[in-house]
Amino acid sequence: MTKTANTMWGGRFAAGPDAIMEAINASIGFDRRMAAQDIAGSRAHAAMLAACGIITDKDAEAIGEGLLTVLSEIEAGDFPFSTALEDIHMNVEARLKDLIGEPAGRLHTARSRNDQVAVDFRLWVRDQCDAVDGALEALMKSLIGQAEAGADWVMPGFTHLQVAQPVTWGHHMMAYVEMFARDRSRFADARVRMNTSPLGAAALAGTSFPIDRHMTAEALGFDRPMSNSLDAVADRDFALEFLASASICAMHLSRLAEELVIWSSAQFRFVKMSDKWSTGSSIMPQKRNPDAAELIRAKIGRIFGANVALMTVMKGLPLTYSKDMQEDKEQTFDAADSLMLALAAMSGMVGDMQANVPSLEAAAATGFSTATDLADWLVRELGLPFRDAHHVTGTLVAMAEAKGADLPDLTLAEMTSVHAGITDAVFGLLGVQNSVASRVSFGGTAPAQVRLRIAEWKEVLG
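Quick caveat, the model's predicted, so the values are computed rather than measured.

Participant: Pulling in residues and values, what's your account of the nonpolar core?
Facilitator: Phe180, Leu253 and Met346 are the most contacted members of the largest nonpolar core, which totals 74 residues. Looking at which element gives the most residues to this core, the answer is helix H11 (residues 237-263), with 14 residues. Each residue touching Met346, except ones within four places of it in the same chain, is listed here: Leu139, Leu253, Leu256, Ala257, Leu260 and Ile296. Ala50, Leu71, Val92 and Leu107 belong to the second-largest nonpolar core, a separate cluster that totals 21 residues.

Participant: Can you lay out the pairing of strand S2 (residues 162-168) for me, pointing to particular residues and giving the numbers?
Facilitator: Here strand S1 (residues 154-159) runs beside S2; their pairing, made up of 6 bridges, is antiparallel. Bridge pairing in S2 places Thr159 opposite Gln162. Linkage of S1 to S2, two consecutive antiparallel strands, is achieved through a turn of 2 residues, within which His160 is found at a positive phi near 60 degrees.

Participant: Outline the packing of helix H12 (residues 291-314) against helix H13 (residues 328-352), supporting the account with residue identities and numerical values.
Facilitator: Contact geometry for H12 and H13: axes closest at 9 Å, N-to-C directions at 155 degrees. Accordingly, the angle class assigned to the pair H12 and H13 is roughly antiparallel. H13 is crossed by H12, and the crossing has left-handed handedness. For the pair H12 and H13, contact is made by Ala292, Ala293, Ile296, Lys299, Arg302, Ile303, Ala306, Ala309 and Leu310 and by Asp328, Gln331, Thr332, Asp334, Ala335, Ser338, Leu339, Leu341, Ala342, Ala345, Met346 and Met349, respectively.

Participant: Residue-level account of the packing of aromatic side chains, with values.
Facilitator: Inspection of the entire model under this criterion finds 11 aromatic pairs. With a centroid separation of 6.3 Å and an interplanar angle of 45 degrees, the aromatic rings of Trp153 and Trp169 are classed as tilted. Here Trp169 lies in helix H8 (residues 169-194) and Trp153 lies in the loop between helix H7 (113-149) and S1, a separation of 16 residues in the sequence. By relative accessible area, which is 23% here, Trp153 ends up partly exposed. Aromatic rings pair up to connect Trp153, Phe158, Trp169, Trp263, Phe268 and Phe270 into one cluster. When the ring centre of Phe333 is taken as reference, the NZ or CZ atom of Arg33 above it lies at 5.0 Å.

Participant: Now, about the environment of Ala118: what can you tell me, with residues and values included?
Facilitator: By the element assignment, Ala118 lies in helix H7. Along the backbone, Ala118 and Ala234 are 116 residues apart, and their C-alpha atoms lie at a distance of 8.3 Å. Apart from residues lying up to four places away in sequence, Ala118 is in contact with Pro198, Ala232, Arg236 and Phe238.

Participant: Outline the packing of H11 against H12, supporting the account with residue identities and numerical values.
Facilitator: Where H11 contacts H12, the axes come no closer than 8 Å and their chain directions differ by 160 degrees. When the interaxial angle is binned, H11 and H12 end up roughly antiparallel. With respect to the hand of their crossing, H11 and H12 are arranged in left-handed fashion. Taken together, the residues of the contact of H11 with H12 break down into 20 nonpolar, 3 polar and 3 charged.

Participant: Mind laying out helix H15 (residues 371-382), listing which residues take part and the relevant values?
Facilitator: Between its first and last C-alpha, H15 extends 16 Å over 12 residues, near the 16 Å set by a 1.5 Å rise per residue. Those residues of H15 that fall on the buried side of the exposure criterion are Ala371, Asp373, Leu374, Ala375, Trp377 and Leu378. Of the surrounding elements, those touching the buried residues of H15 are helix H16 (386-403) and helix H18 (432-438). The first or second residue beyond H15 is Gly383, which carries a positive phi of 75 degrees.

About the criteria used
Residues numbered from 1 in each chain as written. Predicted model: local features only at pLDDT ≥ 70, side-chain atom pairs only at ≥ 80, totals over all residues. Heavy atoms only, no water. Core = buried A, V, L, I, M, F, W, Y, C linked by side-chain atoms within 4.5 Å. Buried < 20%, exposed > 50% of the residue type's maximum accessible area, 1.4 Å probe, protein only. Helix = DSSP H or I, 4+ residues; strand = E, 2+ residues; numbered from the N terminus. Contact = heavy atoms within 4.5 Å. Pairing = 2+ DSSP bridges. Axes fitted to C-alpha atoms, helices over the stretch in contact; angles between N-to-C directions. Parallel < 35°, antiparallel > 145°, perpendicular 65-115°, else oblique. Left-handed = near helix turned anticlockwise from the far one by under 90°. Phe/Tyr/Trp six-rings, centres within 6.5 Å; stacked < 30°, edge-to-face > 60°. Lys NZ or Arg CZ within 6 Å of the ring centre and 35° of its normal. Nonpolar A, V, L, I, M, F, W, Y, C, P; charged D, E, K, R; others polar. Expected span 1.5 Å × (residues − 1).

Purely spatial values, then, with no claim about function.
Okay, structure coming up:
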């Protein structure tokens, strides 16, 4: 019978169902990452219990000092984590008992693992919001550095990945600054909403002990305690908001990574990635592969997946706590790791990359990129309705295309054959430099506008 059971469970679980249950139930393999937050929460809780007369000052002092010893052991890598103790909470408490004896048993007064894990996880995610904010600021500064260097470098602007109108390198870089600034604001908004304390909600209904939840909230840097004990232990919106913000940020990173992959190709030659962020081929000696950008592009899927996974975990749970919620952490931990790595790599790549200015300008002049400038000139100088000007310009583009030429290559006679009012003044605006210089509307690509936006963001970022 035992042999059959062992065969069913597989070689890893030779002890049968008990080993399976321990493996699926234990979370210490991943929630040990919250050790610092768990100990901070426990120290705040012990101090509050003493202040409220629930435990003695002597016991609270022993608990506080013992917890610092546990933390130092964990940080030094000397802590004996045990799967049998299931999670970080029980591991810490068991070690605390080894260190200080009976007073350790008083620590769990007026709380539950339900509110304990809720506060630990909330503190951890809050810390991640702060870390991501710093990483985003570094990336924005790298982009601004590129924008400042190339505020007047001309490059093609694309729609449908087809050359549309000339823009400046600085303008393109600053577009991503705006995107990542919105990401910073999303994480900041999420941080504000998550900054309430579940500690003291106990299992789900609060506690009969005369605790001071405002005291523990303040000690842990929260704005206030959560107002409903059921919601306090059941809520994982803070993690979902973090993952949603991370997903949008990751999407922006992936878009930029995709552009770097395209731009560094032999067909574009817009940028050269440094050796730090490129690899060669084992068989093709000419290759310089943008592996870091490609890996960023791929890692984004893990972040998207974590967001969907946690939404799926939470969608069917009645109030309050269910063991399903143990599956909230691995997804969030992995997404946070992936996002931080991607942000750091992107910041490094952007800071090191070298723009190929001649290639950028040559590409900007292809694809009839100044056609809109011609249409605007017909409106402005000849008074044509824009739709008529659009038609005239389209006819001239077709004429140039048939000749295998671009708009500036047409003769004045050819242009006047389409519209008699065209003069040679039109040739002064068909160059790409003139085109970008003319886009002086607020937020436009003109170098003067780009430099204004750079100055504004440098003041904001300090």
